[in-house]
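Spelled out, the chains give:
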Amino acid sequence: MLDVIHQNWYLDFEGEPLYVLATKLRNLKKVLKVWSRESFGDIFYLVEGAGQEILQAEICFDKDPS
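Owing to the predicted nature of the structure, the values given are computational and were not obtained by experimental measurement.

K.L.:
Is there a simple way to explain the overall build of the protein chain in this structure?
P.N.:
Secondary structure assignment for the protein chain yields three helices and zero strands. In the protein chain, the order of α-helices and β-strands from amino to carboxyl end is α-α-α. Computed over the C-alpha atoms, the radius of gyration of the protein chain is 21 Å, more than 25% above the 11 Å expected from 2.2 N^0.38 for a compact globule of 66 residues. Its C-alpha atoms give the protein chain principal-axis dimensions of about 70 × 20 × 15 Å. Put simply, the protein chain has 66 residues, and 9% of those count as buried. Of the charged side chains in the protein chain, 7 are positive and 11 negative, and the gap between their average positions amounts to 9 Å.

K.L.:
Where do I start with the environment of Ala57 in this structure?
P.N.:
Checked against the element boundaries, Ala57 lands in helix α3 (residues 43-63). Between the C-alpha atoms of Ala57 and Ser39, which are 18 residues apart in sequence, the distance is 28 Å.

K.L.:
Any chance you could explain the packing of helix α1 (residues 2-9) against helix α2 (residues 17-40) here in plain terms?
P.N.:
Two quantities define a packed helix pair, namely the angle between the helix axes and the distance between the axes. Where α1 contacts α2, the axes come no closer than 10 Å and their chain directions differ by 145 degrees. Crossing hand, α1 versus α2: right-handed. Seen from α1, the contacting residues are Val4, Ile5, Asn8 and Trp9; seen from α2, they are Leu21, Lys24, Leu25, Asn27, Leu28, Val31, Leu32 and Trp35. By residue class, the composition of the contact of α1 with α2 is nine nonpolar, two polar and one charged.

K.L.:
How should the side chain of Lys24 be read in this particular structure?
P.N.:
Take Lys24: it is sitting in helix α2. Although Lys24 lies buried, it forms no salt bridge, and the closest oppositely charged side chain, Asp12, sits 6.2 Å away as judged by the N-O distance. Side-chain polar atoms of Lys24 contact the backbone oxygen of Trp9, separated by 3.0 Å.

The rules behind the values
- Residues numbered from 1 in each chain as written.
- Predicted model: local features only at pLDDT ≥ 70, side-chain atom pairs only at ≥ 80, totals over all residues.
- Heavy atoms only, no water.
- Helix = DSSP H or I, 4+ residues; strand = E, 2+ residues; numbered from the N terminus.
- Rg over C-alpha atoms; globule rule 2.2 N^0.38 Å.
- Buried < 20%, exposed > 50% of the residue type's maximum accessible area, 1.4 Å probe, protein only.
- Lys, Arg positive; Asp, Glu negative; His and termini not counted.
- Charge placed at Lys NZ, Arg CZ, Asp CG, Glu CD.
- Axes fitted to C-alpha atoms, helices over the stretch in contact; angles between N-to-C directions.
- Left-handed = near helix turned anticlockwise from the far one by under 90°.
- Contact = heavy atoms within 4.5 Å.
- Nonpolar A, V, L, I, M, F, W, Y, C, P; charged D, E, K, R; others polar.
- Salt bridge = Lys/Arg side-chain N within 4 Å of Asp/Glu carboxyl O.
- Polar contact = N/O pair within 3.5 Å; in protein donor to acceptor, adjacent residues only side chain to side chain.

So, in structure tokens, the structure goes:
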């Protein structure tokens, strides 16, 4: 992840210092979203799937608590 940040932070942008900072942050946000999706997948989908597994386990336990 640090490589991704480093590669994108040191891109050259021209303009006022605050404009350059805002542009770098906006660019980095886009890159980190892609990195996160590639690294971890769709976490909301994974959480939903885990919730369904828990629900099924609770149903099985209610039917036979042993």
